[in-house]
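Survey of secondary and tertiary structure
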Amino acid sequence: MSSVVCSVVIPMYNEEEVIQETYRRLKTVMDQSGESYELLFVNDGSRDRSAQIISQLAKTDSNIRLIDFSRNFGHQIAVTAGMDYASGQAIVIIDADLQDPPEVILRMLEKWREGYEVVYGKRLKRHGETIFKKATAYLFYRILGALTNDKIPKDTGDFRLIDRKVCDAMKKLNEKNRFLRGMINWVGFRQVAVEYVRDERWAGETKYPLKKMLKFASDGIFSFTYKPLKLATYLGFLLSFSGFLYLLYVLYQKLFTDSTTAGWASLIAVNLVFNGIILLILGILGEYVGRIYEEVKGRPLYIVKEEIGFREDEEEN
Ligand code: UDP
Ligand code: MG
């Protein structure tokens, strides 16, 4: 198979306003790197002209590859497809909206040449993002850190470089609900951070509305730890213990005092608390059962409609 030194994977979903500029910046940087490279765009079911723009550019630039999904499968799946198709010895994953500055790739490549197998971008600052996004991101990484014993690096995105060995290892992890930065951490290898300042989106608006963010966050937690399930055990233990204490108190009242308990208020209170907890725990169980269901179905992760720019491989076949 023909191969290049560096594959750059760019997932895109409705990025027509920015994608041309992204291409231009990436091309400049990669030409500077002095390595052979491919720019592997994954079109995640965009409803705008993103794919047309790239396929047009592919006619003039043989370094461009395009994988066109049959519909929107989500960012993490798009990146996965990019890793499946990448032929490089080093694979860089970068957002299409220029929030991750392409120039940082040069520093990542340097670290890679020094022998590191995972070079992840660590965000020093995040420009132009809402306080809500920053606050929820901050909280999410702390909760995830507490639940998974701190193993997944904080404040990193998917902007990173991985070695061919890491990419091959990742291909063996075929879970359906994918939290890539956790998975890359799980496979191990020598990891190092490169610090950078996250820019504003160059154009367009976020393709990660709250709903997708919540799905992403729950994949991060529920696919990486089963600690939430233990909540049932802890709470059950705590509640039955306090229930028992309360029972002793009630018995004492009944036997040794004259005060008659009306009963209503305490019953309702206890009822509400218990029902709430039971529902919460059922919900947590549901999260895991749902994920097991997804795995059991064994569907492919994504469906590709068209592949463009992989012609060198075709010639060899
Ligand atoms: N993206 C994607 N599929 C989606 C949503 C987003 O491929 O369903 C891409 C998007 O085009 C961008 C990257 O994932 O390249 C990150 O998305 P975005 O910048 O909207 O997220 P944010 O930076 O706001 O978290
Ligand atoms: Mg963005």
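Attention in this report is confined to the structure presented alongside it. Computed from a predicted structure; not experimentally measured. Within each chain, residues carry numbers counting from 1 in the order of the written sequence. Starting at A for chains and at 1 for ligands, labels are handed out in the order in which the entities are written. It should be noted that, the model being predicted, local features are given only for residues of pLDDT at least 70 and side-chain atom pairs only at 80 or more, the latter also being counted only at that level, while totals for whole chains, interfaces and linings use all residues. Side-chain metrics in this entry use all non-hydrogen atoms of the structure; hydrogen atoms and water are not considered.

So, the site of ligand 1
Here a residue is considered near a molecule or strand provided that any single heavy atom belonging to it is located within 4 Å of it. Neighbouring residues of ligand 1: 19 residues in total, closest E15, D97, Q99, T206 and K207. Nitrogen and oxygen atoms within 3.5 Å of one another constitute a polar contact, given that in protein one can donate a hydrogen and the other can accept it, and given that sequence-neighbouring residues count only through two side-chain atoms. A distance of 2.6 Å separates an oxygen atom of ligand 1 from a polar side-chain atom of K133. Here K212 contributes a side-chain N or O atom positioned 2.7 Å from an oxygen atom of ligand 1. The residue classification treats Ala, Val, Leu, Ile, Met, Phe, Trp, Tyr, Cys and Pro as nonpolar and Asp, Glu, Lys and Arg as charged. All others, Gly included, are polar. Here the shell around ligand 1 is composed, by residue class, of 5 nonpolar, 5 polar and 9 charged.

Re the coordination of the magnesium ion (ligand 2)
Geometry sets the ideal angles at a metal, namely 109.5 degrees for four tetrahedral donors and 90 or 180 degrees for six octahedral donors. Only nitrogen, oxygen and sulfur atoms count as donors, using a 2.8 Å cut-off from the metal that widens to 3.2 Å for Na, K and Ca. Water is left out, so coordination shells may look unfilled. Note on the magnesium ion (ligand 2): its protein donors are D97 (OD) and Q99 (OE1). The metal-donor distances range over 1.9 Å. When sorted by exposure, D97 lands in the same class as Q99, which is buried. Between buried and exposed lies partly exposed: a residue is buried under 20% and exposed over 50% of the maximum accessible area for its type, with that area taken using a 1.4 Å probe on protein chains only.

Quick word on helix α3 (residues 75–85)
Counting from the N terminus, the helices are the DSSP runs of H or I reaching at least four residues and the strands are the DSSP runs of E reaching at least two. Across the 11 residues of α3, 9 count as buried, placing the element largely inside the fold. Within the sequence span of α3, burial applies to H75, Q76, I77, A78, V79, T80, A81, G82 and M83.

Concerning the sheet that holds strand β7 (residues 191–198)
In a beta sheet, neighbouring strands are held together by backbone hydrogen bonds and run either parallel or antiparallel to one another. Spatially, 8 strands are ordered β7-β5-β6-β4-β1-β2-β3-β8 in an open sheet, and the strand pairing comes out mixed. Lying at the two open borders of the sheet, with one neighbouring strand each, are β7 and β8 (304–308). Going from strand to strand, the sheet's axes swing by 20 degrees on average, the running direction of each strand aside. At least two DSSP bridges between two strands are needed for those strands to be called paired. Relative to β8, strand β3 (residues 64–69) runs antiparallel, the two sharing 4 bridges. Only C-alpha atoms enter the line fits that serve as axes; for helices the fit covers just the stretch in contact. Angles between N-to-C directions range over 0 to 180 degrees.

So, the state of the cysteines
Every disulfide links exactly two cysteines, by a covalent bond between their sulfur atoms. The disulfide definition used here is simple: a pair of cysteine sulfur atoms within 2.5 Å. According to the stated counting rule, one finds 0 disulfides in the structure shown. Free of any disulfide, C6 has its nearest cysteine sulfur in C167, 12 Å distant. With a relative accessible area of 0%, C6 lands in the buried category.

Observations regarding the environment of T233
Its location among the elements puts T233 in helix α9 (residues 227–256). For T233, a relative accessible area of 55% puts it in the exposed group. For the pair T233 and A86, spaced 147 residues apart in sequence, the C-alpha separation works out to 45 Å.

With respect to the environment of L285
Among the structural elements, L285 can be located in helix α10 (residues 264–297). Classification of L285 by relative accessible area gives partly exposed; the value is 39%. Once the C-alpha coordinates of L285 and G128 are considered, the two residues, 157 residues apart in sequence, prove to be 37 Å apart.

A few points about a nonpolar patch on the surface
There is a patch of nonpolar side chains on the surface, built from F241, F244, L245, Y246, L247, L248, Y249, V250, L251, Y252, L255 and F256 and spanning about 1300 Å² of accessible area. Residue F244 is classed as partly exposed on the basis of its relative accessible area of 47%. Patch membership requires more than 30% relative accessible area and the absence of a salt bridge. Residues of like charge join within 9 Å; the nonpolar side chains Val, Leu, Ile, Met, Phe, Trp and Tyr join within 5 Å. For the area figures, the Shrake-Rupley method with a 1.4 Å probe applies, and any residue is considered shielded solely by the protein chains shown. When a carboxyl oxygen of Asp or Glu is within 4 Å of a side-chain nitrogen of Lys or Arg, the pair counts as a salt bridge.

Some thoughts on the pattern of salt bridges
Under the criterion given, the structure shown has 12 salt bridges. For E35, the salt bridge is made with R113, and the minimal N-O distance between the two is 3.0 Å. Of the two residues, E35 sits in the loop between α1 (19–33) and β2 (37–43) while R113 sits in helix α4 (residues 104–113), which places them 78 residues apart along the sequence. Each of D95, D100 and R198 takes part in a single network of salt bridges with overlapping partners.

With respect to the nonpolar core
A general feature of soluble globular proteins is that nonpolar side chains tend to end up buried together. In terms of nonpolar packing, the biggest core is built from 36 residues, with V8, M30, L39, F41 and I105 touching the most fellow members. Not counting residues within four places of it along the chain, the set of residues in contact with F41 comprises I10, M12, I19, Y23, I54, I64, R65, L66 and I67. Note on terminology: a nonpolar core comprises buried Ala, Val, Leu, Ile, Met, Phe, Trp, Tyr and Cys residues joined through side-chain atoms within 4.5 Å. Residue contacts are defined here by distance: any two heavy atoms, one from each residue, within 4.5 Å place the two residues in contact.

Looking at the side chain of H75
Relative to the helices and strands, H75 is located in helix α3. Leave out the neighbours within four places in its chain, and H75 touches P11, D44, D95, D158 and Y208.

Topic: the environment of F140
With respect to the element layout, F140 can be found in helix α5 (residues 131–147). The contacts of F140, once residues within four sequence positions are left out, are F179, A217, G220 and I221.

Observations concerning the packing of aromatic side chains
Think of it this way: a Phe, Tyr or Trp ring, Trp meaning its six-membered ring, pairs with another when their centres are within 6.5 Å, and the plane angle makes it stacked under 30 degrees, edge-to-face over 60, tilted otherwise. Inspection of every chain in the model, using the stated rule, returns 9 aromatic pairs. Centroid distance F159 to Y196: 5.2 Å. Interplanar angle 85 degrees. Geometry classified as edge-to-face. Highlighted residues: F159 in strand β6 (residues 156–163) and Y196 in strand β7, separated in sequence by 37 residues. In this structure, F159 and Y196 share a single accessibility class: buried. Linked through ring pairs, F140, Y141, F179 and F216 together constitute an aromatic cluster.

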